[in-house]
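What follows is the residue order along each chain.
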Amino acid sequence: MLREQDVGHRIVVRRVVGRRAGRPVFSDALGELVELTETHLTLTTQQGPLRVPLTEVHRAKRVPPARRPTASAVTELELAADEAWPAPTRAQLGDWLLRAADGWTGRANSALPVGDPDRPLPAALDAVERWYADQGQPALVNTPLPLAAPVGAELDRRGWDSRPPVLVQTVALSALTTPHTHPTPGTEPAAELVSGPTAELVSGPAAGLVSGPAAELVSGPAAGPGAGPGASHESGPHGGAGRPGELAIVLAAEPSAEWLAVAAGRKGGLPDAARHVLTAVDQVRFAHVYADGALAAIGRGTVTGSGRWLGLCLIEVLPAARRRGLATRLIQALADWAAQAGATDAFLQVEQRNVAACTLYRRLGFTTHHTYLTRVAPPPPTASI
């Protein structure tokens, strides 16, 4: 039977649809599992969404994806993701990347084995272990699958452990943006310059006010009565918190102290290296969602991979503000920014066991491109006395 970890994957379900001559009649459905509860499962099929009560399920299992991405497509996306999450300490082993960031996050403290390490595989992994020992850190290796399956097999032989699987998911950016981002020929431009060289008032469903070079205030359909062209807003450190009853989304080139506090709570602190990982990207925006004048949600967006990819990460809604659609609005604002910067696709990385996040991203159109495992070296043997 299926488990929560199967959400986001392709499955086949055999269900009972009736009885004939005293025997059950079965029907099979193939699609991607988008929801699994105690009472039913939902999958997307070529004919559309299908909701199946668990009492009708005779058998269900995960099956391989219909078409696996090419090695070059996986490599391109992994390198764009590395560019979006840059470790301050880096080295190369042939084409492989070695990364360290004071232990802050697995992605920034692991080897990325894509391409040719310029030596036999066992020697390459020996070199990885030595490099991380020199950094005073445990050795980690991110293995994109199926691309790095040979690496994973060698790590299995060495007794390396695995962290929970991570889904690398993608969607066309046009599926996330608001209509004003892609105006049709002959319509009015999406932005009108109102004051100074960097300030602009954006009309349409996601109206935005840019205050200075570092911050942009976006007030969407749920904003209070004062939102829209000509509206005034109280400004926080990034142009930010609005009046009571108002929803405001601020996109800033630097994170506020409040933003960093939320991120630190999610990631278990922010060492010095974290600042580099978060900000050392040419095109980056830190989204701050204010509801009733207080910070309610955060997120981060980057444009990397020769300008193609919007990378989404650290999407976090504070507990008191959940179930209000703020994550969707935040993602939409970052997508609009990325589209205006020339990006065409979006990606994110989410743990397979994070069912709530997987469900949200599936509703937004994300599908799994590939998966990866973070492999962990076994502890060194204890010296005998």
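Computed from a predicted structure; not experimentally measured.

How each quantity is defined
- Residues numbered from 1 in each chain as written.
- Predicted model: local features only at pLDDT ≥ 70, side-chain atom pairs only at ≥ 80, totals over all residues.
- Heavy atoms only, no water.
- Helix = DSSP H or I, 4+ residues; strand = E, 2+ residues; numbered from the N terminus.
- Expected span 1.5 Å × (residues − 1).
- Buried < 20%, exposed > 50% of the residue type's maximum accessible area, 1.4 Å probe, protein only.
- Phe/Tyr/Trp six-rings, centres within 6.5 Å; stacked < 30°, edge-to-face > 60°.
- pLDDT = per-residue confidence, 0-100.
- Contact = heavy atoms within 4.5 Å.
- Salt bridge = Lys/Arg side-chain N within 4 Å of Asp/Glu carboxyl O.

Here we look at helix α1 (residues 71-84)
And step 1. For α1, which comprises 14 residues, the first-to-last C-alpha distance of 20 Å matches the rise-based estimate of 20 Å (1.5 Å per residue) to within 8%.
And step 2. Among all positions of α1, only Val74, Leu77, Glu78, Ala80, Ala81, Asp82 and Ala84 are buried.

A short note on the packing of aromatic side chains
And step 1. Under the definition given, this model contains five aromatic pairs.
And step 2. Aromatic pair Trp259 and Phe286: ring centres 5.0 Å apart, planes at 90 degrees, arrangement edge-to-face. Taken together, the residues span a long stretch of sequence, with Trp259 in helix α4 (residues 257-267) and Phe286 in strand β16 (residues 284-291) at a distance of 27 residues.
And step 3. Ring centres of Trp309 and Phe347 lie 6.1 Å apart, and the angle between their planes is 80 degrees; on these two criteria the pair is classed as edge-to-face. One end of the pair, Trp309, is in strand β18 (residues 309-317); the other, Phe347, is in strand β19 (residues 345-351), and 38 residues separate them in sequence.
And step 4. Look at Phe347 and you get buried, because its relative accessible area is 4%.

A word on the confidence of the model for the protein
And step 1. In the predicted model, the protein carries a mean pLDDT of 83, and 81% of its residues have values of at least 70.
And step 2. Scored below 50 in pLDDT, residues 182-213 makes 54 contacts in the model with residues more than four places away or belonging to other chains.
And step 3. Of the regions scoring below 50 in pLDDT, residues 220-240 engages in 45 contacts with residues more than four places distant in sequence or in other chains.

Some words on the pattern of salt bridges
And step 1. For the structure on display, the rule yields 15 salt bridges.
And step 2. Its salt-bridge partner being Glu32, residue Arg362 comes within 3.7 Å of it at the nearest N-O pair. Of this pair, Arg362 sits in helix α7 (residues 355-363) while Glu32 is found in strand β2 (residues 23-36), placing the two residues 330 residues apart along the sequence. Glu32 carries the same exposure label as Arg362, and that label is buried.
And step 3. Linked through salt bridges whose partners overlap, the residues forming this network are Asp126, Glu129, Glu154, Arg157 and Arg158.

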